[in-house]
Amino acid sequence: MAEVSYYTKEGLEKLKEELQYLKSTGRANISKAIAEAKDKGDLSENAEYDAAKEAQGLHEAKISQMQEAVANARLLDESKLDTSKVLALSIVKIKNLSNNMTMSYQLVAESEADMKAGKISVMSPIAKGLLGKKVGEKAEITVPAGKIEFEVLEISR
């Protein structure tokens with residue numbers, strides 16, 4: 001069974017646009033590359049043709065993967081999110097109790113994750129450790145650098 005992913009309206013639109021691009025322009029570019037390689041003669045010894053066919057296979061696999069992601073995508077209405085606990089799409093302000101640094105993250109689908117924009121995947125260790133927590137609760141989370149204890153300071157949409 002395929003895994004359901006939750007998206008913001010913006011994130012789902014971006015996914016659909018990328019899929020449409022791959023199905024139209026991407027396929028056309030690969031077909032053109034295959035045709036050019038065929039024109040170069042004997043296909044049995046044509047590395048360019050083999051590479052173009054391999055690229056076509058990888059491209060089609062990506063299209064298939066993205067179609068499955070779109071089919072299993074669920075759009076979340078951000079205005080109806082419960083802010084009493086950390087959920088997918090929550091914006092959570094946390095404090096690292098070992099160094100007293102505070103940071104804010106929005107928990108998003110893996111394909112929407114962008115650390116520079118403060119968006120972390122709900123599948124990341126930090127997000128998994130925060131899910132279900134309420135303001136004032138602490139979470140001890142194992143990250144690659146070891147265990148870190150965070151306190152949830154604020155939850156918003």
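Residues numbered from 1 in each chain as written. Predicted model: local features only at pLDDT ≥ 70, side-chain atom pairs only at ≥ 80, totals over all residues. Heavy atoms only, no water.

### Quick look at the confidence of the model for the chain
In this model, the chain carries an average pLDDT of 87, and 94% of its residues clear a pLDDT of 70 or more. Ranking the elements of the chain by mean pLDDT puts strand β1 (residues 5–7) last, at 76, and strand β3 (residues 91–96) first, at 93. (pLDDT = per-residue confidence, 0-100. Helix = DSSP H or I, 4+ residues; strand = E, 2+ residues; numbered from the N terminus.)

### Description of helix α2 (residues 47–71)
Over its 25 residues, α2 extends 36 Å from the first C-alpha to the last, a length consistent with the 36 Å expected when each residue adds 1.5 Å. Residues Y49, A52, H59, I63 and M66 constitute the buried set of α2. Each element contacted by the buried residues of α2 is listed here: α1 (9–38). For α2, the side-chain oxygen to backbone nitrogen distance between the N-cap and E48 is 3.1 Å, and the N-cap itself is N46. (Expected span 1.5 Å × (residues − 1). Buried < 20%, exposed > 50% of the residue type's maximum accessible area, 1.4 Å probe, protein only. Contact = heavy atoms within 4.5 Å. Polar contact = N/O pair within 3.5 Å; in protein donor to acceptor, adjacent residues only side chain to side chain.)

### Side note on the pattern of salt bridges
Following the criterion strictly, the structure yields 5 salt bridges and no others. A salt bridge links K119 to E10; the shortest N-O distance between them is 3.8 Å. With a gap of 109 residues between them, K119 in strand β5 (residues 119–121) and E10 in helix α1 connect regions that are remote in the sequence. (Salt bridge = Lys/Arg side-chain N within 4 Å of Asp/Glu carboxyl O.)

### Considerations on unusual backbone geometry
Unusually for a residue other than glycine, L89 sits at a positive phi of about 75 degrees. Within the secondary structure, L89 sits in the loop between β2 (73–75) and β3. Positive phi, close to 60 degrees, is recorded for N100, a residue that is not glycine. For N100, the location among the structural elements is in the loop between β3 and β4 (102–108).

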